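Understanding the architecture of this molecule
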Amino acid sequence: MAGDPADTPVVLTVGEGFFVRQAIDNMGWCDMGDYILIVDALEESHLENEVMAAIADSAGDKPVRYVLNTHTHYDHVSLNGAFVERFDAEIINQRTATIEPAGRMFESPGRKICMIPMPGCHTREDCVIWAPDDGVLFVGDIFGWGLIPSGGLLTGDLRLCLRDTYARLVDFGASVVVPGHGPVCGTGELVRWVEYFDWLLETVAELAGAGKSDSEITAAVTPPEDMRGWWRFEAWKHADAVSKVLTSARRGVLGA
Ligand SMILES: [Zn+2]
């Protein structure tokens with residue numbers, strides 16, 4: 001993987017009039033004809049002027065009408081207020097609006113954007129944003145380059161939620177997948193993460209069942225070769241995932 005987006009934020013073109021500012025915290029914007037629609041609004045409010053300039057430079061000097069938040073963690077909403085102040089934009093997330101399970105559609109000539117609730121993997125408010133004409137899918141923090149997206153115990157219910165949600169995400173067949181943080185990727189990474197997660201559950205359960213100690217298990221479960229280049233995976237995400245699975249396995253909450 002070329003470079004760490006932590007060092008150099010970059011504005012990527014992912015469709016005609018459709019852009020992603022790739023950094024530690026990602027955001028996107030697209031031209032909807034007579035207005036601009038934003039997805040997510042970063043952690044650092046001091047980036048306001050830089051971001052507004054990048055939007056105007058790339059998509060033109062149009063008003064921002066909607067800001068869609070994949071969820072309302074602080075690192076996805078800090079510029080919400082700036083968009084309201086400058087454009088009287090409408091902020092749309094699971095706290096400010098009712099979004100039907102089938103999703104809320106935003107349409108312009110030549111482009112559809114659909115905001116779809118997929119709660120439970122990371123927060124109860126998770127939504128994904130799907131642009132079918134562009135093949136672009138914003139998944140918020142449901143995909144975290146190897147991270148298990150929930151901070152809580154890995155229960156049987158959470159496993160089911162992850163399995164069902166990822167199956168839905170993969171079904172979109174997106175060519176560009178935008179995670180909440182780090183490099184953009186594709187559907188292949190979503191598929192690979194599910195395989196990794198299943199492998200982790202199985203391997204850790206087997207070793208725990210064989211009476212291995214925590215440190216023996218941690219040492220034995222090394223990162224898969226093909227995932228070593230994943231963003232910050234080898235540095236800490238793999239170890240974090242092993243630790244979460246191990247904790248849940250020891251407590252016997254993983255379910256079948
Ligand atoms: Zn989050």
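Okay, so let's go over this structure. If you're wondering where the values come from, they're calculated on a predicted model, not measured in any experiment.

Thresholds, definitions, all that
- Position numbers for residues start from 1 in each chain and track the written sequence from start to end.
- Only residues with pLDDT of at least 70 are given local features in this predicted model, and only at 80 or more are side-chain atom pairs given and counted; all residues enter the totals for whole chains, interfaces and linings.
- Side-chain figures throughout are based on the complete set of non-hydrogen atoms in the structure, without hydrogens or water.
- Pairing between two strands requires that DSSP report at least two bridges joining them.
- Secondary structure is summarised from DSSP: a helix means a run of H or I of at least four residues, a strand means a run of E of at least two, and numbering begins at the N terminus for each.
- Fitted lines through C-alpha atoms serve as axes, helices being fitted only where they are in contact, and the angles separating the N-to-C directions of these axes extend from 0 to 180 degrees.
- Contacts: residue pairs with any heavy atoms within 4.5 Å of one another.
- Counted as donors are the N, O and S atoms within 2.8 Å of the metal, or 3.2 Å for Na, K and Ca, while water is not among the atoms, so some sites may look incomplete.
- All geometry calls rest on donor angles, where a four-donor set with angles between 85 and 135 degrees is tetrahedral, four- and six-donor sets with opposite donors more than 155 degrees apart and all others between 65 and 115 are square planar and octahedral, and all else is irregular.
- For every residue, the accessible area (1.4 Å probe, protein chains only) is compared with the maximum for its type, and the residue is labelled buried under 20%, exposed over 50%, or partly exposed between those bounds.
- Put simply, a salt bridge is a Lys or Arg side-chain nitrogen that is within 4 Å of an Asp or Glu carboxyl oxygen.
- The definition of a right-handed crossover adopted here requires that, viewed with the strands pointing away, the path from the first strand over the helix to the second runs clockwise.
- The criterion is simple. A nonpolar core is a set of buried Ala, Val, Leu, Ile, Met, Phe, Trp, Tyr and Cys residues joined through side-chain atoms within 4.5 Å.

**A few points about the sheet that holds strand β9 (residues 127-131)**
- Taken together, 5 strands build an open sheet; the order of strands is β7-β8-β9-β10-β11 and the sheet is mixed. Only two strands of the sheet have a single partner each, and these edge strands are β7 (104-108) and β11 (176-179). For this sheet, the mean angle separating the axes of adjacent strands, direction not counted, is 15°.
- Sheet analysis places β7 next to strand β8 (residues 111-117), joined by 5 bridges and oriented antiparallel. Following the sheet pairing, glutamate 107 is matched in β8 by lysine 112.

**Details of the sheet that holds strand β4 (residues 36-39)**
- Taken in spatial order, the 6 strands of this open sheet run β1-β2-β3-β4-β5-β6, and their pairing is mixed. Single-partner strands in this sheet number two, and they are β1 (10-15) and β6 (90-92). Neighbour-to-neighbour, the strand axes of this sheet turn through a mean angle of 20°, independent of strand direction.
- Where β4 lies against strand β5 (residues 64-68), 4 bridges are found, and the strand directions are parallel. When the sheet's bridge partners are listed, isoleucine 38 is paired in β5 with valine 67.
- Relative to the sheet, helix α1 (residues 48-59) contacts β1, β2 (18-22), β3 (27-31) and β4, its axis offset from that of β3 by approximately 35°.
- Each of β3, β4, β5 and β6 is contacted by helix α2 (residues 80-87), which is oriented at about 165° to β5, the strand it contacts most.

**Considering the coordination of the zinc ion**
- In the first shell of the zinc ion, the protein supplies His71 (NE2), His73 (ND1), His122 (NE2) and Asp141 (OD), at 2.2 to 2.3 Å from the metal.
- Around the zinc ion, the 4 donor atoms sit at angles spanning 89 to 169°, and that spread fits a shape best called irregular.
- Site description for the zinc ion: donor spacing in sequence, H-x1-H-x48-H-x18-D. With histidine 73 in the loop between β5 and α2 and histidine 122 in the loop between β8 and β9, the pair connects residues that are 49 residues apart, well separated along the chain.
- You can call histidine 73 partly exposed: its relative accessible area is 33%.
- Its relative accessible area of 21% is what places histidine 122 among the partly exposed residues.

**Thoughts on the pattern of salt bridges**
- By the definition in use, this model includes 13 salt bridges.
- Residue glutamate 48 is joined to arginine 86 by a salt bridge in which the shortest nitrogen-to-oxygen separation is 2.9 Å. Of this pair, glutamate 48 sits in helix α1 while arginine 86 is found in helix α2, placing the two residues 38 residues apart along the sequence.
- For glutamate 48, a relative accessible area of 23% corresponds to the partly exposed category.
- Here arginine 86 falls in the partly exposed class, since its relative accessible area comes to 40%.

**Some words on the pairing of β4**
- Judged by which residues are buried, β4 turns out to be covered on both faces: Ile36 and Ile38 on one side and Leu37 and Val39 on the other are all buried.
- One ladder, built from 4 bridges, connects β3 with β4; its direction is antiparallel. In the sheet register, aspartate 31 faces β4, and the bridge partner there is isoleucine 36.
- Counting the residues in the hairpin turn of β3 and β4 gives 4 residues, including glycine 33, whose phi is positive at 95°.
- Of the crossover connections in this fold, the one passing from β4 over α1 to the parallel β5 is right-handed.

**Side note on the nonpolar core**
- If you look at the biggest cluster of nonpolar residues, it comprises 39 residues, and the most contacted ones within it are Phe143, Leu154, Leu162, Leu169 and Trp193.
- When residues of this core are traced back to their parent elements, those giving at least two are β8, β9, β10 (136-140), α3 (156-171), α4 (187-209) and α6 (233-251).
- No other element matches α4, which puts 7 residues into this core.
- Aside from chain neighbours lying at most four places away, what touches leucine 169 is Met118, Val128, Leu137, Val139, Ile142 and Leu190.
- Counting residues in each nonpolar core, the second largest holds 23 residues, with Phe18, Tyr35, Leu37 and Tyr66 among its members.

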